[in-house]
Every structure is written in C-alpha cells, then in structure tokens.
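Residue-level listing of the chains:
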Amino acid sequence: MKIYGNKLIKDTIQNMSEKDRMAHSFLICGEKGLGKKTIADWLAALLVCESAEKPCFACRSCHLASEHTHPDIIYAEHSGKLGGFSVDTVREICSDAYIKPNNGDKKIYIFTDADKITVQAQNSLLKLIEEPPDHAYFIFTVTDRNIILETIRSRVISLNAAPLSRDELMEVLAENGVSGANAEEAASAFGGNAGKCLEYISSDVMKNAVDLTKKVTDCIINRDEYGILKNLTDASADKDMFKTVIGMLDSIIRDALALRYDPDSMTGCYSSGARELSSGTTMNACEKMHEALGKAYSLIDKNVNIKLIASVLCGEITAFRQL
Ligand SMILES: [Zn+2]
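None of these values were measured; they are calculated from a predicted model.

Caption draft 1: Examining the pairing of strand β1 (residues 25–29) more closely. Across the five residues that make up β1, a large majority, five, are buried. Residues of β1 alternate between two faces, with Ser 25, Leu 27 and Cys 29 on one and Phe 26 and Ile 28 on the opposite face, all of them buried. Sheet topology note: the β1/strand β4 (residues 136–142) ladder contains five bridges and is parallel. Looking at the pairing, Phe 26 lines up with Ile 139 of β4. Examined bridge by bridge, β1 and strand β5 (residues 157–160) share four bridges and lie parallel to one another. Across the sheet, residue Phe 26 finds its bridge partner in β5, namely Ile 157.

What follows is the structure, given as structure tokens:
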C-alpha cells in the first residue's frame, strides 16, 4: 500500500506519530478519485504497525491491515439506498469501542464515504469522539467537510487529499499499465485526480461524457447555440450521462471563474477550454452559467423531462453568454 503525493498529510501524521502525540479522530476530505480511502488505510496501518518506522508494511499487523483483515481495524458498514450508516451500526460501534483491542493496543474505526452520514448518527458518535477510550481511533472520509457537524469537526484533525503532480500521476498511471497518448489524454481531462483518470481510461461511458462536455464547452466559447443544444440533447438521452456532463461542464465553468484568482486551481476535465472561456467571458456570465447548471443538475432527479431541462439550459447559457 502506497500513498502517491499527499506529502503534507504523510508528514503531518508521521510527525504526530513520532512525537507520540497522535490525534484520535481524523477527517480526510477531498473529491472522488483523490485516494482518500487509501490514505485512511495507510493511516490505520501506521496506527497498528509494530515497527519503529511506521507503517513498515513488513510486520504482521501492517500485512493484516493491507489485506483488510486486521481484527482491530473496523470498517463501518454502509446501509440503505443512500449508503449512510444505520442506527444499529453506529450503536454497535459505540459499544464496541469500549472493548479492548484483540491484537495490539489500538482499535480503529473507519467510516468511508461518510457524506451520507445522518445528523442523528453523528450525534450518537459525538460523545465517543469527544472522550474516546485510549485505544480508540476514528477516521472519516468525505468529499464535503461541511457534511460533518461543527461539534465533531472541531474535535477531529482535518486533512485535505490533494491532486497529484504531473510526475506522480504519470507514475500511478504507468503502474496501472497506462502510458503514452492514453495517459496524456487522461491527464489533460482530469489533472492530478488519479482515480478519475483510471476510470476514464477503463470506461467508454466516461470517455463519451468527456467528449460531449468538451464539445459543449467549445460551442459556448464559439457562441454556437445550435451546437450547445445538439450536444446537450445528445447527452440527455441517458440520465446518468446527462448528470455527468452537467457536472463536468460546471467544473469547467468554475475553473474559468477560479482562474482569475488562482491559475493552479483547476479541477475540470478541459483546462484549455476553461482558459478560453475565462479570457473571453465576463465573470458575471460565468457565475450565471454556474447557477443555471446547478439548477439543471438539481432538476434531473426531480422527474422533470431531461430533454426539457437540456433545452431550457441551452437557452439560459446562450442568453448569459451575451452578458
Ligand atoms: Zn508495520
């Protein structure tokens, strides 16, 4: 198990470990694909590792941790349609946390993809996180840290998973058998997000979504109303595809806005498109388009006819583009 990039997170945790000042609760934040779960696994291995240099990935505990079979590393089970954590799961953890560890002197509870955790579940965990037993540790991974209640956030160490540098990304892609033009294309679509790059390479759906998103962006840049409508309508043939395209298009618009403040903060799949948009469009227009995309995105799940959403959105984008 290896964490690529994310030196700040590694240094922070290793520093705490070396100084014997390990925190008990961690919140690992960042968008999908940045390796939050790998960071959580790495941190759990470090906590149970038996060697001086942690995590060594040579000792028995590290081995069990990387196989996900360590008896004291407990992954909270997701439940229900929304993928949150059930009252029973949380209750079980709350009582299990007071029972001594099986192997060593630590027990680690990991809540992955905790974005759907309910307020009720968080409140049940609060006391445990406020005053954990000496042996208990908690790790949450979320895409949006605001999901976590302020009362909990104030008691956890927040760590932000960061995109990889170009070299780091190329190394990950090469290890996964991807190089040359494919690697370049994925990198230009998703920047330092290794998870998204790998998904893009292995899935035609993702490739089609990126193609359509780039086409819509080009049409916005060229003020081609017919093209915007045509490509959005093509995307609207499938609900998931439409959602993906709208989401990616919004990232490009947000990149176009963010570029004015920070040229390195791009997260979308079309950085050259975002640059063109940024230089040729007013900030006001970008903001309006961002709002329109957000509104369209939220309507997709509300049983509104998708083709209708596409055509309204096209009209709005065209109108705002003139601003
Ligand atoms: Zn070890």
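Caption draft 2: Main features of the sheet that holds strand β2 (residues 73–75). Strand order in the open sheet formed by five strands is β2-β3-β4-β1-β5, with parallel pairing between adjacent strands. Of all the strands in the sheet, just β2 and β5 have a single pairing partner and so form its edges. Averaged over neighbouring strand pairs, the angle between their axes works out to 20 degrees when direction is ignored.

Caption draft 3: Up close: the nonpolar core. Counting residues in each nonpolar core, the largest one holds 55 residues, and the members touching the most others are Phe 190, Ile 220, Ile 228, Leu 232, Phe 242, Cys 269 and Leu 313. Tallying contributions element by element places helix α12 (residues 239–258) first for this core, with ten residues. Beyond its immediate sequence surroundings of up to four residues, Cys 269 is in contact with Ser 188, Ala 189, Phe 190, Val 210, Thr 213, Lys 214, Met 248 and Ile 252. Ala 40, Ala 44, Ala 45 and Ala 65 belong to the second-largest nonpolar core, a separate cluster that totals 26 residues.

Caption draft 4: Up close: the environment of Phe 320. Within the secondary structure, Phe 320 sits in helix α15 (residues 306–321). Counting along the chain gives 35 residues from Phe 320 to Ala 285, while the straight-line C-alpha distance between them is 5.2 Å. In this structure, Phe 320 is in contact with Ala 285, Lys 288, Met 289 and Ala 292, ignoring residues within four places of it in sequence.

Caption draft 5: Main features of helix α8 (residues 180–190). Among the residues of α8, those classed as buried are Ala 183, Ala 186, Ala 187, Ala 189 and Phe 190. Summarising the axial view, the buried residues of α8 lie within an arc of 165 degrees, below the 170-degree limit, and thus occupy one face. Tucked inside the fold, the buried residues of α8 contact α7 (166–175), α9 (194–202), α10 (204–221) and α12.

Calculation notes
- Residues numbered from 1 in each chain as written.
- Predicted model: local features only at pLDDT ≥ 70, side-chain atom pairs only at ≥ 80, totals over all residues.
- Heavy atoms only, no water.
- Buried < 20%, exposed > 50% of the residue type's maximum accessible area, 1.4 Å probe, protein only.
- Helix = DSSP H or I, 4+ residues; strand = E, 2+ residues; numbered from the N terminus.
- Pairing = 2+ DSSP bridges.
- Axes fitted to C-alpha atoms, helices over the stretch in contact; angles between N-to-C directions.
- Core = buried A, V, L, I, M, F, W, Y, C linked by side-chain atoms within 4.5 Å.
- Contact = heavy atoms within 4.5 Å.
- Arc of directions from axis to C-beta.

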